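Fold and geometry: a report
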Amino acid sequence: MNEPKNIAFIGLGVMGGPMTGHLARAGFAVTAYNRSADRAREWADNWAKEGLDVSFTDTPALAAANAAIVLICVGNDDDVDSVTLGGDGVLASMADGALLIDHTTTSADMARRLGDACAAKNVAFVDAPVSGGQAGAENGQLAIMCGGSEDAMARANHVMQPYAKSIVHVGPTGAGQTAKMANQMCIAGVLAGLSEAVRLAQGAGLDLDKTYEAISGGAAQSWQMDNRWATMTADSFDFGFAIDWMRKDLSYALDEAKRLGLSSPITAMVDQFYAEIQAKGGNRLDTSALVSRLPKSQNSK
């Protein structure tokens, strides 16, 4: 489908900033908004050096006024509410028949509420949280899980391609966010097991490189193992996805599970493990810092 090239992107954080850059490189005329003016200026300077077509406005509503498609990637439910439904939010100015894509990880309830607000204004809506972290955003290799109508997805698909490794339409509005909850629950469980495995290998005095080589070729292999084994064994946790954000995501997952009458004991336990790290000031550490709460054996190298 040939959509107009005028789009808006709201939120230029560690995810939204690179995603916006990919859109500009793909030939879209992007108008951007970011709550932090300093961050906006930083991105503007970087993109100007590349000669990219990105302009900036003072409010989300101004950014969305002439856009056929508006994309959002902010922090949480309250942030989405502010930049979409507030007085200066994008829905105050989006044109009849425009499309809103929300890449924020929110609650499923927020997605459904925003979907209803869009429908009332004849604006199509797709909830499209992403997975892949800062590196995935920078490299254009994000996994995107989507909720919305078939028509909305047909329009959204092409605009997400510049930063996507995969795009999957999971189901109706809210389904993308629920799939992202399942994603985060899986990551939490994998990191808990990986943390204990790292400490076992260290405590036994094993060659850590050879141990990784031995176990990563079989059923234990995972993205977390491939990308975080070496850094976890080196106590290095300076990466893009902070524990604060993981706990936010897990809270949505636990709330949705409760709403559905489901039990999620592993997720609840790992969430509390992360709370322990937060209590020690580790809020901004990468989620792989889960290993740091486990003491090392005296035999560890």
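In what follows, the structure referred to is the one given above.
This section reports on the structure supplied with the text. Everything quoted here is computed from the prediction, not taken from an experiment.

How each quantity is defined
- Residues numbered from 1 in each chain as written.
- Predicted model: local features only at pLDDT ≥ 70, side-chain atom pairs only at ≥ 80, totals over all residues.
- Heavy atoms only, no water.
- Helix = DSSP H or I, 4+ residues; strand = E, 2+ residues; numbered from the N terminus.
- Rg over C-alpha atoms; globule rule 2.2 N^0.38 Å.
- Buried < 20%, exposed > 50% of the residue type's maximum accessible area, 1.4 Å probe, protein only.
- Contact = heavy atoms within 4.5 Å.
- Areas by Shrake-Rupley, 256 points an atom, 1.4 Å probe, with all protein chains shown as cover.
- Disulfide = S-S within 2.5 Å.
- Core = buried A, V, L, I, M, F, W, Y, C linked by side-chain atoms within 4.5 Å.
- Arc of directions from axis to C-beta.
- Polar contact = N/O pair within 3.5 Å; in protein donor to acceptor, adjacent residues only side chain to side chain.
- Pairing = 2+ DSSP bridges.
- Right-handed = clockwise from strand over helix to strand, strands pointing away.
- Axes fitted to C-alpha atoms, helices over the stretch in contact; angles between N-to-C directions.
- Parallel < 35°, antiparallel > 145°, perpendicular 65-115°, else oblique.
- Left-handed = near helix turned anticlockwise from the far one by under 90°.
- Nonpolar A, V, L, I, M, F, W, Y, C, P; charged D, E, K, R; others polar.
- Phe/Tyr/Trp six-rings, centres within 6.5 Å; stacked < 30°, edge-to-face > 60°.
- Lys NZ or Arg CZ within 6 Å of the ring centre and 35° of its normal.
- Lys, Arg positive; Asp, Glu negative; His and termini not counted.
- Salt bridge = Lys/Arg side-chain N within 4 Å of Asp/Glu carboxyl O.

In terms of regular secondary structure, the protein is built from 12 helices and 9 strands. Its C-alpha atoms give the protein a radius of gyration of 20 Å, within 12% of the compact-globule value 19 Å for 301 residues. If you line up the protein on its principal axes, its C-alpha atoms span 65 × 50 × 35 Å. Across the 301 residues in the protein, those meeting the buried criterion constitute 50%. Within the protein, contacts between residues separated by at least 24 positions form 71% of all contacts whose residues are at least 6 apart in sequence. Looking at the protein as shown, the accessible area adds up to about 13600 Å², and 51% of this sits on carbon and sulfur atoms.

Looking now at the state of the cysteines. Summed over the entire model, instances satisfying the criterion amount to 0 disulfides. Residue C73 stays outside any disulfide, its sulfur separated by 13 Å from that of C146, the closest cysteine.

Further remarks concern the nonpolar core. Across soluble globular proteins, nonpolar side chains have a tendency to be buried as a group. Core analysis: the largest hydrophobic core is formed by 34 residues, its most contacted members being M19, L23, L71, I101, I144, V159 and M160. When residues of this core are traced back to their parent elements, those giving at least two are β1 (6-10), α1 (16-25), β2 (29-33), α2 (37-50), β4 (69-72), β5 (99-102), β8 (142-148) and α7 (150-160). In terms of residue count, α7 provides more of this core than any other element does, 5 residues in total.

Here we take up helix α4 (residues 77-85). Buried within α4 we find D77, D79, V80, V83 and T84. Seen from one end, α4 has its buried residues packed into an arc of 160°, which puts them on one side. Each element contacted by the buried residues of α4 is listed here: β1, α3 (60-64), β4, β5, α5 (108-120) and α11 (243-259). Of the residues flanking the start of α4, the one acting as N-cap is N76, its side-chain oxygen 3.1 Å from the backbone nitrogen of D78.

The subject of this paragraph is the pairing of strand β9 (residues 164-171). The pairing of β8 with β9 spans 6 bridges and is parallel. Within the sheet, the bridge partner assigned to A143 lies in β9 and is S166. The β-α-β motif built from β8, the intervening α7 and the parallel element β9 has right-handed crossover chirality.

At a minimum axis distance of 10 Å, the contact between α11 and helix α12 (residues 265-279) shows a crossing angle of 150°. Classified by the angle their axes make, α11 and α12 are roughly antiparallel. By crossing handedness, the relation of α11 to α12 is classed as left-handed. Two secondary-structure elements touch here, α11 through I243, D244, M246, R247, L250 and L254 and α12 through T267, A268, D271, Q272, Y274, A275, I277 and Q278. Per-class residue counts for the contact of α11 with α12 are 8 nonpolar, 3 polar and 3 charged.

Looking now at the packing of aromatic side chains. Applying the stated rule across the entire model yields 3 aromatic pairs. Measuring from centroid to centroid gives 6.5 Å for Y212 and W229, while their planes differ by 35°, and the two rings are tilted. Placement of the pair is Y212 in helix α9 (residues 208-215) and W229 in helix α10 (residues 223-233), with a sequence separation of 17 residues. Following the ring pairs from residue to residue traces out a cluster consisting of W43, W47 and F56. Directly above the ring of F28 sits K5, whose terminal nitrogen or CZ lies 4.5 Å from the centroid. One residue, R293, lies across the ring of F273, its end atom 3.7 Å from the ring centre.

The subject of this paragraph is unusual backbone geometry. Although it is not a glycine, N122 adopts a positive phi angle of roughly 55°. Assignment of secondary structure puts N122 in the loop between α5 and β6 (124-127). For D235, which is not glycine, the phi dihedral falls at a positive 55°. Within the secondary structure, D235 is located in the loop between α10 and α11. For D235, a relative accessible area of 36% gives the class partly exposed.

Bringing the side chain of R199 into the picture now. Tracing the chain through its elements places R199 in helix α8 (residues 175-203). One buried charged residue, R199, remains without a salt bridge, the closest side chain of opposite sign being D235 at 4.2 Å. Contacts of R199, omitting those with residues within four sequence positions, involve D235, V291, S292, L294, P295 and K296.

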